[in-house]
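Overview (structure and organization)
The primary structure of each chain is shown beneath.
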Amino acid sequence: MPNRFALPVAIIAIAPVFASESDAETTELSHWLVIGGVGKYGRTPVHTDAIEAQLVTGDWKPPQAMEVVKSPDGVDRIWTKATTGEDGWLTHQALGPGYACSIIRSEKPRTVLLEASGHSIVYVNGQPRGGDVYGTGWVRHPIELKTGENSFLFLCRRGRVRARLISTDRPFIFNKDDTTLPDLLRGEPSTYWAAIPIINATDTTVRDQTVVAILLNGGITRTRVPNIPPMTTRKVGFRIEGTSLTQEENVSLDVRLLSKDEDLMDTVQLKLRVRDSNQKHKRTFVSDIDGSIQYFAVTPMHDSDKVSSVKPALVLTLHGAGVEAAGQANAYMSKDWAHIVAPTNRRPFGFDWEDWGRWDALEVLGIAEAQFGTDPRRTYLTGHSMGGHGTWQLGSLFPDRFAAIAPSAGWISFRSYSSKSTSAGEGSAIEEILRRAASTSDTLSRSNNLSANGIYILHGDQDDNVPITEARTMRAHLANFHADFAYYERPGAGHWWGNDCVDWPPLFEFFQRRDTPRQRDIGQLKFATSNPSASATCHWATIAAQIEPLALSTIDLTFDRQAGRLEGTTQNVRRLVLDQSKLSTHRENDSSEGTGRSSSELLTVSIDKTEVTDIPRPDVSSMIHLQKEGVDWRVSEKPPAATKGPHRSGPFKEAFKQRFVLVYGTAGTSEENAWSYGKARFDAETFWYRGNGSVDVWSDKEFLATGEPDRSVILYGHAESNSAWGALLSESPVQVARGSIMIGTRAIKEDGLGCLFIQPRPGSDVALVAAVSGSDAKGMRLTTALPYFTSGVAYPDCVVLSNNVLMQGLSEVKVAGFFGEDWDVQSGDFSWTSNSK
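Let us look at the structure shown here.

About the thresholds
Residues numbered from 1 in each chain as written. Predicted model: local features only at pLDDT ≥ 70, side-chain atom pairs only at ≥ 80, totals over all residues. Heavy atoms only, no water. Helix = DSSP H or I, 4+ residues; strand = E, 2+ residues; numbered from the N terminus. Buried < 20%, exposed > 50% of the residue type's maximum accessible area, 1.4 Å probe, protein only. Salt bridge = Lys/Arg side-chain N within 4 Å of Asp/Glu carboxyl O. Phe/Tyr/Trp six-rings, centres within 6.5 Å; stacked < 30°, edge-to-face > 60°. Lys NZ or Arg CZ within 6 Å of the ring centre and 35° of its normal. Pairing = 2+ DSSP bridges. Axes fitted to C-alpha atoms, helices over the stretch in contact; angles between N-to-C directions. Contact = heavy atoms within 4.5 Å. Disulfide = S-S within 2.5 Å. 1 Å grid on protein atoms, 1.4 Å probe; cavity = no way out; pocket = protein on both sides within 12 Å on 5 of 7 lines; lining within 4 Å. Points joined across faces, edges and corners; volume = space filled by probe spheres on them. Nonpolar A, V, L, I, M, F, W, Y, C, P; charged D, E, K, R; others polar. Polar contact = N/O pair within 3.5 Å; in protein donor to acceptor, adjacent residues only side chain to side chain.

With that settled, consider unusual backbone geometry. Omega for the peptide link from glycine 96 to proline 97 comes to 0°, which places this bond in the cis form. Within the fold, proline 97 resides in the loop between β9 (90–91) and β10 (98–106). In this model, glycine 650 is joined to proline 651 through a cis peptide bond whose omega is 5°. Of note, proline 651 is situated in the loop between β42 (632–636) and β43 (661–664). You will see that tryptophan 353, though not glycine, has its phi angle at about 65°, which is positive. Judged by its relative accessible area of 0%, tryptophan 353 falls in the buried class.

So, about the pattern of salt bridges. As enumerated under the stated definition, the model contains 46 salt bridges in all. With a shortest N-O distance of 2.7 Å, arginine 273 and aspartate 183 are connected by a salt bridge. Residue arginine 273 is located in strand β24 (residues 263–276), and its partner aspartate 183 is located in the loop between β17 (172–174) and β18 (184–186); the two are separated by 90 residues in the primary sequence. Judged by its relative accessible area of 33%, arginine 273 is partly exposed. Notably, a salt bridge pairs aspartate 797 with lysine 644, separated by 2.4 Å at the nearest N-O pair.

Going through the model one piece at a time under the given rule, you end up with 34 aromatic pairs. Consider the rings of tryptophan 32 and phenylalanine 154, whose centres lie 5.6 Å apart with planes at 65°: the pair is edge-to-face. Of this pair, tryptophan 32 sits in strand β3 (residues 31–36) while phenylalanine 154 sits in strand β15 (residues 148–156), and the two are 122 residues apart along the sequence. We classify tryptophan 32 as buried; its relative accessible area is 3%. When the ring of tyrosine 456 is compared with that of phenylalanine 510, the centres are 5.6 Å apart and the planes differ by 70°; the resulting orientation is edge-to-face. Placement of the pair is tyrosine 456 in strand β31 (residues 454–460) and phenylalanine 510 in helix α9 (residues 505–512), with a sequence separation of 54 residues. Comparing tyrosine 456 with phenylalanine 510 shows no difference in burial state: the two are buried. An aromatic cluster is present here, built from Phe351, Trp356, Trp359, Phe652, Phe656, Phe660, Phe687, Tyr788 and Phe789 joined pairwise through their rings. The positively charged end of lysine 282 is found above the aromatic ring belonging to tyrosine 295, 5.1 Å away from the centroid. Over the face of the ring belonging to phenylalanine 510 we find arginine 514, whose NZ or CZ atom lies 3.6 Å from the ring centre.

Our next topic: the sheet that holds strand β19 (residues 191–200). Read from one edge of the open sheet, 3 strands run β17-β19-β22, paired in antiparallel fashion. The open sheet terminates on both sides in strands that have one partner only, identified here as β17 and β22 (232–241). Looking at each pair of strands side by side, their axes are set apart by 35° on average, direction ignored. Here helix α11 (residues 670–691) sits on the sheet and contacts β19 and β22; the angle it forms with β22, its principal contact strand, is near 45°.

Let us now look at the state of the cysteines. Under the defined criterion, the tally for this structure stands at 0 disulfides. No disulfide involves cysteine 101; its sulfur sits 11 Å from the nearest other cysteine sulfur, which is in cysteine 156. Residue class for cysteine 101 comes out buried when judged on its relative accessible area of 5%. Looking at the unpaired cysteine 755, the closest cysteine sulfur is the one in cysteine 798, lying at 4.7 Å.

What follows is about empty space enclosed by the protein. One pass over the structure, following the stated rule, counts 3 cavities of 30 Å³ or more. By volume, the largest cavity amounts to about 150 Å³. Around the largest cavity, the lining comprises 16 residues; the ones closest to its centre are Asp355, Ala437, Thr440, Pro651 and Ala794. Of the residues contributing to the lining of the largest cavity, the split by class is 6 nonpolar, 5 polar and 5 charged.

Every α-helical turn comprises 3.6 residues, leaving residues that sit three or four positions apart pointing alike. Within the span of helix α7 (residues 429–437), buried status applies to Ile430, Glu431, Ile433, Leu434, Arg436 and Ala437. In this structure, the buried residues of α7 make contact with β52 (813–818) and β53 (829–832).

Relative to the assigned elements, serine 694 resides in the loop between α11 and β44 (696–699). Engagement of the side chain of serine 694 in a polar contact is seen with the backbone oxygen of lysine 235, the distance being 2.6 Å.

Let us look at the layout of surface pockets. In this model, the largest pocket occupies a volume close to 1,300 Å³. In this structure, the largest pocket is lined by 49 residues; those nearest its centre are Arg43, Tyr134, Arg157, Arg690 and Thr790. Contributing elements (two or more residues each) for the lining of the largest pocket: β12 (119–124), α6 (414–417) and α11. Estimates place the volume of the second largest pocket at around 990 Å³. Those elements that provide at least two residues to the lining of the second largest pocket are α4 (356–372), β35 (541–545), β38 (575–579) and β41 (623–629). At 4 residues, α4 tops the list of elements feeding residues into the lining of the second largest pocket.

Further remarks concern the sheet that holds β43. Strand order in this open sheet of 8 strands is β44-β43-β45-β50-β49-β51-β52-β53, and the pairing throughout is mixed. In the strand order of this sheet, the two ends are held by β44 and β53, each with one partner. Here the average twist between neighbouring strands, direction ignored, is 15°. Inspection of the sheet shows strand β49 (residues 754–760) paired to strand β50 (residues 768–774) by 7 bridges, in the antiparallel sense. Considered in β50, the bridge of glutamine 759 is made with valine 769. Packing of α7 onto the sheet brings it into contact with β52 and β53, and relative to β52 it is tilted by some 50°. Contacts between α11 and the sheet are confined to β43, β44, β45 (713–716) and β50, with β43 contributing the most and set at about 165° to the helix.

Take a look at the structure:
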């Protein structure tokens with residue numbers, strides 16, 4: 001019987017101790033069958049996999065030793081026996097990549113925790129569950145064993161796997177191995193956010209629970225827990241009140257989980273660091289991406305003997321793969337002129353500072369600028385290894401945010417660095433669209449954006465992780481156009497040669513000598529983007545729409561302030577926006593005689609040799625919207641918010657922000673409904689693991705009763721299986737039902753089709769709807785393992801896959817394309833295979 005704490009005085013009392021996992025009965029998965037060579041993977045939207053193909057069609061069953069599987073390349077592969085070693089790991093050459101299968105018998109139905117490491121996905125009795133590819137050891141999933149045989153099928157990529165089952169009779173359990181905790185700061189505001197995973201080991205959604213946080217010598221804080229779906233884990237945020245902090249370096253935090261009826265379900269004791277605000281520390285915040293709790297680390301600027309009214313500078317530093325943000329910040333000595341801020345990339349491996357990693361860095365940059373009151377003209381960007389790649393990425397996407405950048409041991413792009421990075425193809429029209437969907441990853445195509453930024457490249461000439469050729473390639477490339485970059489190869493140095501490889505004095509001296517030009521001094525602007533939803537604006541110009549979606553768009557503009565004239569050229573730009581508030585520089589008594597306009601206002605515009613007339617005055621409109629029609633440009637009205645633009649656009653992964661919610665269908669067949677919830681749960685677990693995320697998972701009925709119109713929605717199922725489809729996608733040009741997919745006016749009538757697409761959410765100017773769909777249960781299962789949470793992998797606005805894609809690859813992509821500015825197929829850019837009906 002749970003312990004009840006009905007009175008506040010009881011809550012303060014010493015909490016009872018629950019049985020620990022070390023006391024629970026465990027079952028090691030020790031006897032296995034393994035098979036390798038059954039597929040080809042990599043950073044590509046389409047992979048092949050013979051075992052997954054069996055799962056999709058429903059033909060998979062637990063294998064027998066020596067059973068033969070024909071791989072997509074026509075080679076016979078064989079399931080062979082293997083056992084775990086003394087260290088508890090199954091290590092086998094077939095698992096790099098390959099599958100490992102183990103069978104566990106149960107005498108009765110019972111709930112256990114599956115604790116496993118080394119895999120990217122596990123199918124438990126055919127249902128997908130999130131993996132632990134990096135071997136963290138803290139992933140535990142509640143599962144229901146059935147009477148008889150239970151199959152555990154692990155897809156492994158790094159050569160080994162470990163798994164055990166832990167018995168439990170507790171319905172709700174804290175997982176203290178994956179907390180996100182702040183440092184408590186003396187003299188700072190006393191409310192903080194923290195997060196801890198809660199395991200729901202019941203078959204119902206848990207609602208109205210409360211986390212109580214009790215800080216020794218501090219406050220007692222109650223935080224309502226968001227809904228947690230059945231048989232899964234959700235990392236939940238909770239508040240801490242940190243009043244009356246002592247001089248001690250650590251304080252105890254008692255965290256308790258109470259049911260709706262105030263029954264005590266679990267308790268855990270944690271330690272928090274107490275720091276002065278001038279010491280290195282961690283700060284937490286609520287992310288607008290998904291409402292989860294994230295942190296960033298700070299090496300604060302130290303006090304100087306100099307008296308200065310100058311605002312401090314800010315250095316944003318990006319960590320390498322496997323490195324915590326706190327470790328990154330700790331590598332720096334404090335400066336007397338700048339705060340050093342380290343975001344997390346959402347996890348130590350995270351997203352390579354792309355996708356959610358990029359959004360995290362920008363979110364932290366905005367928060368840090370506001371909290372520390374830094375000078376926006378003295379913001380700098382640096383990073384090591386993967387963070388060096390992030391430096392090239394963010395620097396080239398947002399050149400006006402940084403005065404200078406400095407990659408250390410950085411790689412340029414997935415294609416230049418990783419042998420496992422594979423292009424989506426450059427042959428057919430469909431392959432070209434898939435390639436363009438990932439164009440944001442192409443750093444080199446935007447390198448000219450850095451022409452006005454100072455650049456310092458640092459690399460060890462004996463680096464055995466990121467080859468020195470990455471730095472030398474960028475040096476040779478920059479030499480063709482860049483006038484302000486420095487390059488240093490450290491003789492004899494490897495990948496990491498101590499803190500100096502990030503806290504390099506000449507690098508920081510280079511930063512100190514540079515700042516971003518004032519707006520009135522920016523007379524020439526060169527800017528390129530392949531994806532305005534990722535990066536559209538530089539200083540006073542915005543590329544608002546493209547002619548060819550996600551192909552490179554460029555502007556080369558010059559503003560003569562004395563003449564009030566702007567002229568230049570564009571490529572692949574349909575709509576352009578000019579910000580007169582940044583172009584114009586108003587000064588007292590500096591108006592042009594007889595005109596009533598400032599001498600620095602924009603008077604005439606010529607773009608692509610077209611004279612644009614009727615330029616609005618700044619007091620009429622600060623933003624000038626220009627549109628290309630044929631070969632000519634004209635002034636246009638601001639497009640309605642429903643139009644595609646930087647505020648809301650594709651491709652597919654753009655839907656996974658704006659506090660997105662996962663909505664599974666309950667109106668289909670039992671097979672469709674089981675897939676829909678299982679896939680939504682798998683995506684939530686994957687985003688928790690890869691992105692430190694916390695996502696609402698709702699049924700279609702719950703969603704329809706909830707509202708919240710400005711949240712993006714990921715919808716699982718089709719028009720007949722998900723009752724939220726009508727409210728969200730009834731006007732969509734793509735319609736999916738049993739047996740067919742309609743795209744515009746064309747129908748594909750086949751079983752086993754998988755489909756991804758996005759549309760704007762009705763009633764919102766900012767939210768998107770992403771459908772993860774299929775023409776039947778087979779088609780739905782085809783989308784289960786699509787790697788859209790993997791950095792470097794991208795999908796266009798719409799893609800349709802044949803059931804044969806897992807055996808035949810890219811040739812079985814039926815349709816791929818980008819919707820037009822009106823979100824329609826007809827005005828968009830779509831390609832079809834010749835065998836699409």
